[in-house]
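These are the residues of each chain, in order.
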Protein chains: 2
Amino acid sequence: MNKVFKALSDPTRRHVLQLLRDKPMSAGELAEHFAVSKPTMSAHFAVLREADLVDATKDGKSVIYRLRLSVLEDALLAFTGAIGLELKPDETHTNNKETHND
Amino acid sequence: MNKVFKALSDPTRRHVLQLLRDKPMSAGELAEHFAVSKPTMSAHFAVLREADLVDATKDGKSVIYRLRLSVLEDALLAFTGAIGLELKPDETHTNNKETHND
DNA sequence: TAGATAATTAGCTAATCATCTAAATGATGT
DNA sequence: ACATCATTTAGATGATTAGCTAATTATCTA
């Protein structure tokens, strides 16, 4: 979980996850979206892999990255759970600050 | 939002937020829970303040920190929204991977 | 087998970070 | 005014990080 939060602390890496939300993409394809060098992107991918937020599979010359949504979900849930924060996607927010105490 | 995620990338700071979930606490009271020096904790508090995750008010000799839950909520919501991840606290998870596309 | 292409590793630098001790600030109480 | 207590600031250090270019590895194709 610590690795997940470390991985999420960089905006480039968060953006990579966002791109991966739609479909799996190759390293090069992902890299095209950013203004940094390929090796720099490769390092970011390594951090995401290390956190298990993405899955890498080799396909010929390319490496295809896939988002591991459940890992992200679990980490976020563990954290929001520990804080006592219920994250409703919509619903103009319910005050559940003390709910855990009842 | 970037500052929020940067702030969350350190386990000590996440733990501070967790302690603050129950009640506002002074810097010293918070510091007691950790094995690092007061100045180190003070630096962590500054990062949390900078990210607006906590609110600091002076009360006599002490500084009382309060969790700003809504800021955390907003950042997390912005991110999960961008990823297309719906975070349900319980409910053994619904597969909503492609939901955004319909 | 060469050459081209995709990605990673190696090696470096500059910046940021977490940590420490010592000193400064600020408020309270004698 | 002075001592004390709570916290922050200053200043230093070692570790980690994000970035780069150049070199390497792996795969494909002519």
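My aim in this report is to walk through the structure given alongside it, one point at a time. No experiment lies behind these values; they were computed from the predicted model shown. (Residues numbered from 1 in each chain as written. Chains lettered and ligands numbered in written order. Predicted model: local features only at pLDDT ≥ 70, side-chain atom pairs only at ≥ 80, totals over all residues. Heavy atoms only, no water.)

This part covers the sheet that holds strand S3 (residues 62–67) of chain B. Two orientations exist for strands paired in a sheet by backbone hydrogen bonds: parallel and antiparallel. Residue and element names in this part refer to chain B. Taken in spatial order, the three strands line up as S1-S3-S2 in an open sheet, and their pairing is antiparallel. A single partner strand is all that each edge strand has here, and the edge strands are strand S1 (25–26) and strand S2 (54–59). Relative to S3, S1 runs antiparallel, the two sharing two bridges. Note that in S3 the partner of Met25 across the bridge is Tyr65. Relative to the sheet, helix H4 (residues 38–50) contacts S2 and S3, its axis offset from that of S2 by approximately 120°. (Pairing = 2+ DSSP bridges. Helix = DSSP H or I, 4+ residues; strand = E, 2+ residues; numbered from the N terminus. Contact = heavy atoms within 4.5 Å. Axes fitted to C-alpha atoms, helices over the stretch in contact; angles between N-to-C directions.)

For the rest of this paragraph, the subject is the sheet that holds strand S3 (residues 62–67) of chain A. All names here are of chain A. With antiparallel pairing, three strands are arranged side by side in an open sheet as S1-S3-S2. Looking along the sheet, the strands with just one partner apiece sit at the ends: strand S1 (25–26) and strand S2 (54–59). As paired elements, S2 and S3 share six bridges and run antiparallel to each other. Of the residues in S3, the one forming a bridge with Lys58 is Val63. Its contacts with the sheet place helix H4 (residues 38–50) against S2 and S3, and it is angled at close to 120° to S2.

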